[in-house]
Amino acid sequence: MTVLRFYNTLTKSKDDFVPLNPTRVRLYCCGPTVYDYAHIGNARPVIVFDVLFRLLRQLYGEGQVTYVRNITDVDDKINARAARDYPDLPLNEAIRAVTKVTEAQYRADADALGCLRPTVEPRATEHIAEMIAIIERLIATGHAYAAEGHVLFDVPSMQEYGRLSRRSLDDMIAGARVDVAPYKKGEMDFVLWKPSSEQEPGWESPWGRGRPGWHIECSAMSWKHLGEVFDIHAGGIDLVFPHHENEIAQSRCAFGHDVMANVWMHNGFLQVEGEKMSKSLGNFVTINELLRTDVFGGRSWPGTVLRLAMLRTHYRQPIDWTVAALEEAENTLWAWAKLTHKLVPQPQLAPEVVAALGDDLNTHGAIMHLHAMKSDPQRLADNLAALGFEGLSAWVDEVEKTAVDVAWIEEQIAARLAARAAKNWAESDRIRDDLAGKGIALKDNKDGTTSWEVKR
Ligand code: AMP
Ligand code: ZN
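If you're wondering where the values come from, they're calculated on a predicted model, not measured in any experiment.

Caption draft 1: Region of interest: the site of ligand 1. All residues in the neighbourhood of ligand 1 are listed as H39, G41, N42, P45, G235, G236, D238, L239, N267, G268, F269 and L270. A distance of 3.1 Å is found between an oxygen atom of ligand 1 and a side-chain nitrogen or oxygen belonging to N42. For ligand 1, the accessible surface in isolation is 480 Å², of which the surrounding protein chains cover 84%.

Next comes the structure, spelled out in structure tokens:
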């Protein structure tokens, strides 16, 4: 078997990948909090770790890879959004409405980006019992304490806290903006469980009616679906601290192992046109907007183009999301789509592509190998399909079908202007309606000329 090597945030080195069970791989990626459309930065882990999933499936067998990506459907951001968007509904119904719509949107976006559905997509609200069980173990082993309806993780009780992010407790305390709360023993102690008011979503627990903190959700869902220890845990680099550090603290202290997962993989950040994406800078762009509106670059973009643009940069590097990069990706993909038009792909990664991806997911290298396949379109088609670029033939068909015959349109416009000059309004209207029927809209300008555009 090809040797895979991945950069591991835990060891700070590129290590040979050895699954705990030689014939089965278990992978967890932190998923979205479903309160709003996902932005294009959120798409990065979705696409990058989909490529990892595909690589592992080819090497270990489709049924031998369990990929879990959770859905966080209990969170105070969701509550706030529900109250804002559905003020007339009881809060629990409003919350369900928000999470249902957002979850469906997330799935549609991930599908459009060519990503396979994970093996399991667990929802936090369906794993409350597992969360309570972990919290009870942590209390029993002296790693957590209950106070005023809250349960907190006792950070100083864990010797190796900070190992993933390589921070000492003192540094963390110095650098953190921790909220001081009377029920906290240590400054870095974090919430496992907190009380809910009558209106807030809540579940009965040994500590009263309440709801979980964010970090405990992933410990519970990975335990349920992957076990106490598993192979790869993935997510964006911003999650290393505190989220992943806290997941590790919870799972290791509850189950008594040296690690929670053997390999920790983190994607770098995405910025837009050279700047950090933010609503205040006006460069915040959602996957939905890229796919279905013209807010980015004045046009919409096929999901396959977004996917290629994302994979041209190595996943650990920062990526700059620009219109120019999307155009370049589109030109490349269009050339490949034309080359492979009408071929029936047998999805399969070629050995050199496997070797590139097996070297810490070197997607840039894999794409270079695709360029070298121009002389063998079938091989190109097979590899494109195996990398998640589907529907390329249909794209070519669609564009060719709607390609307009510019010369013919100009002729029609000239004929219409002649008819108008002759005051033959019936003929002029007939030509305009005929063009409209073909999706061409005319606009008569003040200077006597007529311009046209395609209306789809
Ligand atoms: P969040 O909803 O903020 O928890 O993010 C969901 C996932 O998207 C996490 O894995 C984040 O690390 C990742 N993510 C968020 N923003 C960006 C960004 N600008 N670039 C790359 N990844 C991001
Ligand atoms: Zn997580």
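Caption draft 2: Representation of the packing of aromatic side chains. This model, assessed by the stated rule, comprises eight aromatic pairs. Here the aromatic rings of F153 and F190 are separated by 5.1 Å at their centres, their planes lie at 10°, and the arrangement is stacked. On the criterion of sequence distance, the pair formed by F153 in strand 6 (residues 150-153) and F190 in strand 7 (residues 190-195) is long-range, its members being 37 residues apart. Both residues of the pair, F153 and F190, count as buried. A cation over a ring is seen here: R307 above F389, with NZ or CZ 5.7 Å from the ring centre.

Caption draft 3: View of the nonpolar core. One finds F6, L56 and W321 to be the most contacted residues of the largest nonpolar core, which totals 74 residues. Looking at which element gives the most residues to this core, the answer is helix 1 (residues 43-60), with 12 residues. Here this core spans two domains, and each of domain 1 (5-267) and domain 2 (270-401) adds at least three residues to it. The residues contacting L56, other than those within four sequence positions of it, are L4, F17, V25, L27, G61, V65 and I232. Judged by nonpolar contacts, the second largest core, of 44 residues, contains Y161, W207, V229 and F230.

Caption draft 4: Fine view of the coordination of the zinc ion (ligand 2). C30 (SG), C218 (SG), H243 (NE2) and E247 (OE) make up the full set of protein donors to the zinc ion (ligand 2), lying at 2.1 to 2.2 Å. Coordination at the zinc ion (ligand 2) is irregular, judged from the four donor atoms that bind it and the angles of 78 to 129° they form at the metal.

Caption draft 5: Main features of the environment of A422. Here A422 lies in the loop between helix 15 (406-421) and helix 16 (425-437). The class for A422 is exposed, based on a relative accessible area of 59%. Taking C-alpha positions, A422 is 76 Å from G213, a pair spaced 209 residues apart along the chain.

Caption draft 6: Representation of the pairing of strand 6 in the model. Burial along strand 6 is two-sided: H150 and L152 and V151 and F153, pointing in opposite directions, are all buried. With four bridges connecting them, strand 5 (residues 144-147) and strand 6 associate as antiparallel partners. In the strand pairing of strand 6, A146 is matched with V151. What sits between strand 5 and strand 6 in their antiparallel hairpin is a turn of two residues, with E148 showing a positive phi close to 50°. As paired strands, strand 6 and strand 7 are joined by three bridges and run antiparallel to one another. Counted as the bridge partner of L152 is V191 from strand 7.

Caption draft 7: Summary view of the domain arrangement of the protein. The assigned domain composition of the protein is domain 1 (5-267), domain 2 (270-401) and domain 3 (406-454). Inter-centroid distance (C-alpha atoms) of domain 1 to domain 2 is 29 Å. In this assembly, 31 residues from domain 1 lie in contact with 38 residues from domain 2. Carbon and sulfur atoms make up 65% of the surface buried where domain 1 meets domain 2, a total of about 2,900 Å² over both sides. Considering only the side of domain 1, the residues that lose the most area to domain 2 are I40, R44 and Q58, jointly responsible for 25% of the buried surface there. At the surface where domain 1 touches domain 2, the tally comes to four salt bridges. Between the two partners, domain 1 and domain 2, sit 14 residue pairs in polar contact (both at pLDDT 80 or more). Put simply, the parts of the chain that give the side of domain 1 that touches domain 2 at least two residues each are strand 1 (5-8), helix 1, helix 3 (91-112) and strand 10 (261-267). Residues of the side of domain 1 that touches domain 2, tallied by class, amount to 17 nonpolar, seven polar and seven charged.

Caption draft 8: Quick look at the sheet that holds strand 5. Here four strands make up an open sheet; going across it, the order is 5-6-7-8 and the pairing antiparallel. Because the sheet does not close on itself, it has two edges, and the strands there are strand 5 and strand 8 (210-212). Ignoring strand direction, the axes of neighbouring strands in this sheet form an average angle of 20°. On the sheet, helix 4 (residues 128-140) packs against strand 5, strand 6, strand 7 and strand 8 and is oriented at approximately 120° with respect to strand 7.

Caption draft 9: Representation of the packing of helix 1 against helix 9 (residues 303-311). Look at helix 1 against helix 9: their axes get within 10 Å of each other, and the N-to-C directions meet at 85°. Taken together, the axes of helix 1 and helix 9 lie roughly perpendicular to each other. Contacts from A43, R44, I47, D50, V51 and R54 in helix 1 reach R307, M310 and L311 in helix 9. The class makeup of the residues in the contact of helix 1 with helix 9 is five nonpolar, no polar and four charged.

Caption draft 10: Representation of helix 2 (residues 76-85) in the model. For helix 2, the set of buried residues is I78, N79, R81 and A82. Taken down its axis, helix 2 places every buried residue within 165° of arc, on the same side. On its buried face, helix 2 is in contact with helix 3 and strand 8. Capping the start of helix 2 is the job of one residue whose side-chain oxygen sits 2.8 Å from the backbone nitrogen of K77: D75.

Cut-off values and rules
- Residues numbered from 1 in each chain as written.
- Chains lettered and ligands numbered in written order.
- Predicted model: local features only at pLDDT ≥ 70, side-chain atom pairs only at ≥ 80, totals over all residues.
- Heavy atoms only, no water.
- Near = heavy atom within 4 Å.
- Polar contact = N/O pair within 3.5 Å; in protein donor to acceptor, adjacent residues only side chain to side chain.
- Areas by Shrake-Rupley, 256 points an atom, 1.4 Å probe, with all protein chains shown as cover.
- Phe/Tyr/Trp six-rings, centres within 6.5 Å; stacked < 30°, edge-to-face > 60°.
- Helix = DSSP H or I, 4+ residues; strand = E, 2+ residues; numbered from the N terminus.
- Buried < 20%, exposed > 50% of the residue type's maximum accessible area, 1.4 Å probe, protein only.
- Lys NZ or Arg CZ within 6 Å of the ring centre and 35° of its normal.
- Core = buried A, V, L, I, M, F, W, Y, C linked by side-chain atoms within 4.5 Å.
- Domains from an automatic or database assignment.
- Contact = heavy atoms within 4.5 Å.
- Donors = N, O, S within 2.8 Å, 3.2 Å for Na, K, Ca; no water.
- Tetrahedral: all angles 85-135°; square planar, octahedral: opposite > 155°, others 65-115°.
- Pairing = 2+ DSSP bridges.
- Buried area = accessible area lost by both parts, 1.4 Å probe.
- Salt bridge = Lys/Arg side-chain N within 4 Å of Asp/Glu carboxyl O.
- Nonpolar A, V, L, I, M, F, W, Y, C, P; charged D, E, K, R; others polar.
- Axes fitted to C-alpha atoms, helices over the stretch in contact; angles between N-to-C directions.
- Parallel < 35°, antiparallel > 145°, perpendicular 65-115°, else oblique.
- Arc of directions from axis to C-beta.

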